[in-house]
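As a plain string of letters, each chain reads:
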Amino acid sequence: MIRTTAVATPRAKGPVRVGVAAASVLGIVTLAGCAASTDAEQNDTTPSTPAAAATTEASTDPTSSATDSAASAGSTYADGTYTAEGSYQTPESVEQITVTVTLAKDVITSVEVTGDPQKSESKQYQSKFIGGISEVVVGKDIDEISVSRVAGSSLTSGGFNQAIEEIKSQAGG
């Protein structure tokens, strides 16, 4: 049944309004307390990776240097040029890209991405991605690479990240 006339609703009186306001303030204070403890947990200085641990240890020991620790740790991946394919889903189709990366001491020294877009919109986004990916990844450690959006293209990143994982396994990581 659809009503065409307005129905009066009871209105809260003074003491009820005060109670609701007090409960709201208490809820906000409680949530603010939770946020403060989360910030403290995020500021934990414990290294999260072995490389970070080595750097932290090296910086606290006056007889060693961070460079010595990094050199003794060696590279995780073999130097060379590797190629892998990655795919990603668009609203219209499944697209593929081919990623070629050159590694030197775990650092990406060059990257080339080629695509074979099936749809015109995919061609536009792949072109933007290909034009901007180099400045995002060249000069960075391959383990630090996980792109999410490059030059306005976000879906192509999924295929790129998939190819990078395959390249890591090819390079022995």
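**Student:** Give me the lowdown on the pairing of strand β3 (residues 107–115), citing residues and values where you can.
**Tutor:** Pairing between strand β2 (residues 94–104) and β3: 8 bridges, direction antiparallel. The residue of β3 that forms the bridge with Val101 is Val111. In textbook terms, the turn of a hairpin is the stretch between consecutive antiparallel strands, and for β2 and β3 this stretch comprises 2 residues, one of which, Lys105, has a positive phi near 55°.

**Student:** Could you give me a rundown of the confidence of the model for the chain, with the residues and numbers involved?
**Tutor:** Segments scoring low in pLDDT should not have their predicted coordinates read at a detailed level. When pLDDT is averaged along the chain, the result is 73; 57% of the residues meet or exceed 70. Taking the mean pLDDT of every element in the chain, the minimum, 35, falls on helix α2 (residues 50–60) and the maximum, 97, on β3. Contacts of residues 29–72 to residues separated by more than four positions or lying in other chains number 9 contacts, the stretch itself having pLDDT below 50.

**Student:** Before we move on, can you summarise the pairing of β2 with the specific residues and values?
**Tutor:** Only one face of β2 is buried: it carries Glu95, Ile97, Val99, Val101 and Leu103, and the other face, with Val94, Gln96, Thr98, Thr100, Thr102 and Ala104, is open. Judged from the 10 bridges that link them, strand β1 (residues 80–89) and β2 form a sheet pairing that is antiparallel. Each bridged residue has a counterpart across the sheet, and for Glu85 the counterpart in β2 is Thr98. Between β1 and the antiparallel strand that follows it, β2, lie 4 residues.

**Student:** Tell me about unusual backbone geometry, and name the residues and values.
**Tutor:** A positive phi is found at Lys105, a non-glycine position, where the angle reads about 55°. As for its placement among the helices and strands, Lys105 is situated in the loop between β2 and β3. For Ala151, which is not glycine, the phi torsion reads 50° and is therefore positive. Positionally, Ala151 belongs in the loop between α4 (120–137) and α5 (155–170).

**Student:** Got a sec to walk through the layout of surface pockets? Specific residues and values, please.
**Tutor:** Approximately 160 Å³ is the volume attributed to the second largest pocket. Surrounding the second largest pocket, Tyr88, Thr90, Pro91, Glu92, Glu121, Ser122, Tyr125, Gly152, Ser153, Ser154, Leu155 and Thr156 form its lining. Sorting elements by how many residues they give to the lining of the second largest pocket places α4 first, with 3 residues.

**Student:** Help me get a handle on the environment of Phe160, residues and values and all.
**Tutor:** The topology assignment puts Phe160 in helix α5. By relative accessible area, which is 0% here, Phe160 ends up buried. With near-sequence residues (within four places) excluded, Phe160 lies in contact with Ile97, Val99, Val111, Val113, Phe129, Ile133, Val137, Ile145 and Val147.

Conventions adopted
Residues numbered from 1 in each chain as written. Predicted model: local features only at pLDDT ≥ 70, side-chain atom pairs only at ≥ 80, totals over all residues. Heavy atoms only, no water. Pairing = 2+ DSSP bridges. Helix = DSSP H or I, 4+ residues; strand = E, 2+ residues; numbered from the N terminus. pLDDT = per-residue confidence, 0-100. Contact = heavy atoms within 4.5 Å. Buried < 20%, exposed > 50% of the residue type's maximum accessible area, 1.4 Å probe, protein only. 1 Å grid on protein atoms, 1.4 Å probe; cavity = no way out; pocket = protein on both sides within 12 Å on 5 of 7 lines; lining within 4 Å. Points joined across faces, edges and corners; volume = space filled by probe spheres on them.

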